[in-house]
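One letter stands for each residue in the lines below.
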Amino acid sequence: AYLVAQHMPRHFTAAFAERLNRRSAANVVQACHGELVKPGCVYIAPGGSHMELVESQEGWQLILSEAEYTDSCAPSVDKLFISVAEHYHGAALGIMLTGMGTDGRVGVEALHRAGGHVVAESEETATVFGLPKEAIASGAVNEVLPLPKIVDRLAKFARGEGVRTEP
């Protein structure tokens, strides 16, 4: 499954998910609280909410929580990556794309410590290099790639090729 925390306002993420769903072979949806994660599906965190992954008796489940007024970003990449690092014990790939700020740096570190593989978008293709730059500066990034190569890397990961599975 693919979990996406995109810094977008509350009313844009549903349309974003619908548009991606129309253009993709995968099923792309805006995530719902308590939803069970299905293989091959893409879940977009709703704007204004944080999305976390937990293990339940039924399987992997998405938990949504409303952002606090003091949260700088919602959805937060940090919250998503930390939850994956804490709860998911398989091979995980974290990808940090264009954007400004520092959200994701702590999550990238947690994911890396848990044995996840982290890719950051290179400065040459990032519209705003802030988020990838912070991730790279953390020392927890395994690869820095231009956007077209990230697509190739994601395909390799889906086939189980070349990703760490243990810290």
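Use the structure listed above.
To start, this report covers the structure provided alongside it. Everything numeric here is computed off the predicted structure, so don't read it as measured data.

Glancing now at the pattern of salt bridges. Any two side chains of opposite charge can pair, given that their charged atoms come close. Scanning the model with the defined rule gives 5 salt bridges in all. Where E143 meets R153, a salt bridge forms, and the shortest distance between an N and an O atom there is 2.5 Å. Taken together, the residues E143 in strand β8 (residues 143-145) and R153 in helix α5 (residues 147-158) connect sequence positions 10 residues apart. Linked through salt bridges whose partners overlap, the residues forming this network are R105, E109 and E134.

Another point: helix α3 (residues 105-113). All of the buried residues along α3 are G107, V108, A110 and L111. The arc that holds the buried residues of α3, viewed along the axis, is 165°, so those residues lie on one side. Considering only its buried residues, α3 is in contact with α2 (77-87), β6 (93-96), β7 (117-121) and α4 (130-137). Following α3 by one or two positions, G115 adopts a phi angle in the positive range, close to 100°.

Strands sit in the order β1-β3-β2 across an open sheet of 3 strands; the sheet is parallel. Of all strands in the sheet, those bounded by a partner on one side alone are β1 (2-4) and β2 (28-30). Averaged over all pairs of adjacent strands, the angle between strand axes in this sheet comes to 20°, irrespective of strand direction.

Our focus in this paragraph is the nonpolar core. Residues M51, F81, M96, V108 and L111 are the most contacted members of the largest nonpolar core, which totals 25 residues. When contributions to this core are tallied by element, the ones reaching two or more residues are β4 (49-56), β5 (59-66), α2, α3, β7 and α4. Top element by residues in this core is α2. It accounts for 5 residues. Beyond its immediate stretch of four places on either side in the chain, M51 contacts L3, V4, A31, Y43, A45, L62, I63, L64, K79 and L80. Residues L93, V119, L145 and F157 belong to the second largest nonpolar core, which totals 5 residues.

Rules used in this analysis
- Residues numbered from 1 in each chain as written.
- Predicted model: local features only at pLDDT ≥ 70, side-chain atom pairs only at ≥ 80, totals over all residues.
- Heavy atoms only, no water.
- Salt bridge = Lys/Arg side-chain N within 4 Å of Asp/Glu carboxyl O.
- Helix = DSSP H or I, 4+ residues; strand = E, 2+ residues; numbered from the N terminus.
- Buried < 20%, exposed > 50% of the residue type's maximum accessible area, 1.4 Å probe, protein only.
- Arc of directions from axis to C-beta.
- Contact = heavy atoms within 4.5 Å.
- Pairing = 2+ DSSP bridges.
- Axes fitted to C-alpha atoms, helices over the stretch in contact; angles between N-to-C directions.
- Core = buried A, V, L, I, M, F, W, Y, C linked by side-chain atoms within 4.5 Å.

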